[in-house]
Amino acid sequence: MADQRERVFSGIQPSGTFTLGNYVGAVRHWGPLQAEYDCIYSVVNMHAITVRQQPAALRKATYEAAAMLLASGIDPEQSVIFIQSEVPQHAELSWVLACNTMFGELSRMTQFKDKSKKNADNINGGLFTYPILMAADILLYNAHQVPVGVDQKQHVELSRDIAQRFNNAYSDTFVVPAPLIQKQGAKVMSLQDPAAKMSKSDPNENAYVAMDDAPEVIMRKFKRAVTDSGGEVRRAEDKPGVSNLMTIYGIMTGKDDAAIEAEFAGRGYGDFKEAVGQSVIDVFTPIQQRYGEILADKAELERILREGAEKARRIAAKTLSKVYRKVGFVSN
Ligand code: TYM
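Residues numbered from 1 in each chain as written. Predicted model: local features only at pLDDT ≥ 70, side-chain atom pairs only at ≥ 80, totals over all residues. Heavy atoms only, no water.

Describing the pairing of strand E1 (residues 7-12)
- Counting buried residues along E1, five of its six residues qualify, which places the element largely inside the surrounding structure.
- Pairing analysis gives six bridges linking E1 to strand E2 (residues 38-43), with the strands arranged parallel. Bridge pairing in E2 links Phe9 to Ile40.
- What joins E1 to E2 is helix H1 (residues 20-30), and the crossover it makes is right-handed. (Buried < 20%, exposed > 50% of the residue type's maximum accessible area, 1.4 Å probe, protein only. Helix = DSSP H or I, 4+ residues; strand = E, 2+ residues; numbered from the N terminus. Pairing = 2+ DSSP bridges. Right-handed = clockwise from strand over helix to strand, strands pointing away.)

Set out below in structure tokens:
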């Protein structure tokens with residue numbers, strides 16, 4: 001019997017190790033979603049080359065990313081997990097969608113503007129058309145929901161617009177997807193600058209926690225985290241550093257703001273930062289252990305990814321052939 005559940009699709013770039021931001025805003029939710037949705041997850045290595053990558057490092061990071069997703073709760077028996085470049089339909093659909101996406105729409109993408117500032121010497125075509133490839137990722141699988149952090153919302157909304165435009169022009173073809181964004185932790189901020197997003201491309205390593213950081217490194221980064229003036233642990237607009245740490249602590253421990261404020265009443269930032277660090281260590285330690293085990297069995301990891309790619313190709317091929325027919329491509 002066909003799966004009647006709605007479909008979820010999401011992807012993550014293998015450009016270095018995942019951060020606490022990736023985990024809190026996205027990856028943490030991907031396992032639990034399996035209970036309710038038909039889930040497809042991808043390591044999007046084709047997106048990663050919009051920024052120049054060292055080939056050997058990209059290959060290694062791709063396997064590591066897949067292992068980290070499995071260690072974080074994606075079950076290959078329940079979900080499809082695959083490497084983007086192993087499913088050629090992503091690039092193929094991307095072209096058709098590119099012909100249905102406006103230059104003006106792409107020019108308005110805030111991530112393109114940010115990334116072109118950061119990579120002024122390599123503002124390539126891929127960086128500009130990247131949201132089209134992302135739309136292809138989502139639309140190929142007719143995903144209803146796309147769990148992402150806030151920074152990807154605009155891209156998912158563009159995917160919606162592209163799907164609607166195509167459906168209007170060529171008759172109903174794609175499911176129109178929606179971003180699935182959590183209320184808490186959808187934008188984890190840098191530990192060094194609470195006005196900036198936590199990002200793995202930050203040149204200051206103390207600004208982010210990587211999911212494979214050793215416990216003492218995690219603790220050191222939290223101890224060095226920038227807080228605010230005053231000494232009170234309280235969520236407030238003029239306390240962005242403390243508020244960010246409260247969000248992280250709340251998610252890691254399940255405590256709400258009132259409980260956190262009560263726990264640290266009359267205690268200084270030092271105690272608080274140590275507790276936040278420990279809460280992250282407690283969550284990451286078992287994940288890191290599984291991650292090590294998964295990476296140690298490369299043959300099994302390759303088998304899982306091969307099977308995932310086969311399943312993904314089957315679904316993607318159906319969607320692509322429908323699209324080709326609708327736009328008038330001949331098939332002999
Ligand atoms: P990427 O690889 O930059 O990030 C993966 C996921 O992590 C979320 N995220 C954060 N959430 C909260 N706080 C942060 N500081 C933080 N940093 C990152 C991102 O929002 C994302 O959900 N274009 C995507 C990958 C992609 C994709 C897709 C996603 C390609 N195709 C199709 C969904 C559907 C990206 O670069 O994410």
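From this point, things continue past the structure.
Observations regarding helix H12 (residues 269-296)
- The first and last C-alpha atoms of H12 sit 39 Å apart over 28 residues, in line with the 40 Å expected at 1.5 Å per residue.
- A bend of about 30° at Phe284 is the largest found in H12, and the proline Pro286 appears one to four places after it.
- Within H12, the full set of buried residues consists of Tyr269, Phe272, Lys273, Val276, Gly277, Ser279, Val280, Ile281, Phe284, Ile287, Gln288 and Tyr291.
- Where H12 is buried, its residues contact H1, helix H3 (55-71), helix H9 (215-223), helix H10 (240-253) and helix H11 (257-263). (Expected span 1.5 Å × (residues − 1). Bend = angle between axes of the 7 residues up to and from the residue. Contact = heavy atoms within 4.5 Å.)

Re the site of the ligand
- Close to the ligand lie 26 residues, the nearest being Gln13, Tyr130, Asp137, Asp151 and Val188.
- One of the backbone nitrogen or oxygen atoms of Gly21 is found 3.2 Å away from a nitrogen atom of the ligand.
- One of the backbone nitrogen or oxygen atoms of Met198 is found 3.0 Å away from a nitrogen atom of the ligand.
- About the coverage of the ligand: the protein hides 97% of its 700 Å² of free accessible area.
- Of all elements in the fold, only E1, H1 and helix H7 (125-140) reach the threshold of two or more residues within the shell around the ligand.
- For the shell around the ligand, a count of residues per class yields twelve nonpolar, ten polar and four charged. (Near = heavy atom within 4 Å. Polar contact = N/O pair within 3.5 Å; in protein donor to acceptor, adjacent residues only side chain to side chain. Areas by Shrake-Rupley, 256 points an atom, 1.4 Å probe, with all protein chains shown as cover. Nonpolar A, V, L, I, M, F, W, Y, C, P; charged D, E, K, R; others polar.)

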